[in-house]
Amino acid sequence: MFKALGLQAGISVVAGVFVWLLWGLALAPWLYGSFVAWVGTGLLVWRWWQGLHDYHCDGPRHLKSFRRSLVERFFVVGMLLAAGFGFAWVKPAFEPLPMLMGFIVGQLAWMVALGSGNKD
């Protein structure tokens with residue numbers, strides 16, 4: 001999983017540079033959106049790693065930890081995206097569209113990284 005997390009970051013940065021060179025979209029908002037996606041998956045990987053050491057067979061306890069992880073990631077990603085949109089409102093050069101595109105490509109990069117077999 002840690003290799004896939006690094007691969008996700010690499011794919012997102014390379015895609016951002018490619019889009020910046022090809023279409024001239026702002027690179028900083030793209031990288032911020034990719035960072036938000038990376039933080040969300042980083043929290044997922046961190047919970048996965050914790051689950052390897054805190055193994056339990058109690059169904060309700062497992063469901064409770066699953067829900068907590070879900071809510072945790074939802075609020076962290078939501079707050080980071082809200083902060084990015086707020087910064088875009090304060091500084092118009094920080095465009096929201098490249099930020100959202102970076103976030104979406106970051107999420108897709110996570111799927112590609114997991115599909116490539118880097119699950120260690």
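Scroll up to find the structure.
Here is a short report on the structure shown in this document.

Parameters at a glance
Residues numbered from 1 in each chain as written. Predicted model: local features only at pLDDT ≥ 70, side-chain atom pairs only at ≥ 80, totals over all residues. Heavy atoms only, no water. Phe/Tyr/Trp six-rings, centres within 6.5 Å; stacked < 30°, edge-to-face > 60°. Buried < 20%, exposed > 50% of the residue type's maximum accessible area, 1.4 Å probe, protein only. Axes fitted to C-alpha atoms, helices over the stretch in contact; angles between N-to-C directions. Helix = DSSP H or I, 4+ residues; strand = E, 2+ residues; numbered from the N terminus. Left-handed = near helix turned anticlockwise from the far one by under 90°. Contact = heavy atoms within 4.5 Å. Expected span 1.5 Å × (residues − 1). Core = buried A, V, L, I, M, F, W, Y, C linked by side-chain atoms within 4.5 Å. Parallel < 35°, antiparallel > 145°, perpendicular 65-115°, else oblique. Nonpolar A, V, L, I, M, F, W, Y, C, P; charged D, E, K, R; others polar. Polar contact = N/O pair within 3.5 Å; in protein donor to acceptor, adjacent residues only side chain to side chain.

### Some thoughts on the packing of aromatic side chains
- All told, the structure shown has four aromatic pairs when counted by the stated rule.
- On the numbers, 5.6 Å between centres and 75 degrees between planes, the contact of Phe74 with Phe75 is edge-to-face.
- Phe74 gets classed as exposed once you look at its relative accessible area, which sits at 59%.
- What links up through ring pairs into an aromatic cluster is the set Tyr32, Phe87 and Phe94.

### Description of the packing of helix α2 (residues 27–53) against helix α4 (residues 96–115)
- Here α2 crosses α4 at 40 degrees, and the two axes come no closer than 6 Å. Taken as a pair, α2 and α4 cross one another with a handedness that is right-handed. Two secondary-structure elements touch here, α2 through Pro29, Trp30, Tyr32, Gly33, Ser34, Val36, Ala37, Thr41, Leu44 and Val45 and α4 through Pro98, Met99, Met101, Gly102, Phe103, Val105, Gly106, Gln107 and Trp110.

### Examining helix α3 (residues 59–90)
- Compared with an ideal rise of 1.5 Å per residue, which puts 32 residues at 46 Å, α3 spans 46 Å between its outermost C-alpha atoms and is within 8% of the ideal.
- Taken together, the buried positions of α3 are occupied by Ser69, Val77, Leu81, Gly84 and Ala88.
- Contacts made by the buried residues of α3 are with α2 and α4.

### Examining the nonpolar core
- Listed in full, the six residues of the largest apolar core are Met1, Ala4, Leu5, Val45, Trp110 and Ala113.
- Among residues more than four places away in sequence, those in contact with Val45 are Met1, Phe2 and Trp110.
- Ranked by size, the runner-up nonpolar core spans five residues in total, among them Val36, Ala37, Val77 and Phe103.

### Re the packing of α3 against α4
- Two elements in contact, α3 and α4, have axes whose closest approach is 10 Å; the angle formed by their N-to-C orientations is 155 degrees. With respect to α4, the element α3 is oriented roughly antiparallel. Read as a crossing pair, α3 and α4 show a hand that is right-handed. Of the residues in α4, those in contact with Val77, Leu81, Gly84, Phe85 and Ala88 of α3 are Pro96, Met99, Leu100 and Phe103.
- A class-by-class count of the residues in the contact of α3 with α4 yields eight nonpolar, one polar and no charged.

### Some remarks on the environment of Gly51
- Among the secondary structure elements, Gly51 is positioned in helix α2.
- In this structure, the C-alpha to C-alpha distance between Gly51 and His62, residues eleven residues apart in sequence, is 9.4 Å.

### Observations regarding the side chain of Thr41
- As for its position among the elements, Thr41 is in helix α2.
- Of the residues examined, Thr41 reaches a relative accessible area of 4% and is grouped as buried.
- A polar contact is formed between the side chain of Thr41 and the backbone oxygen of Trp38, at a distance of 3.1 Å.

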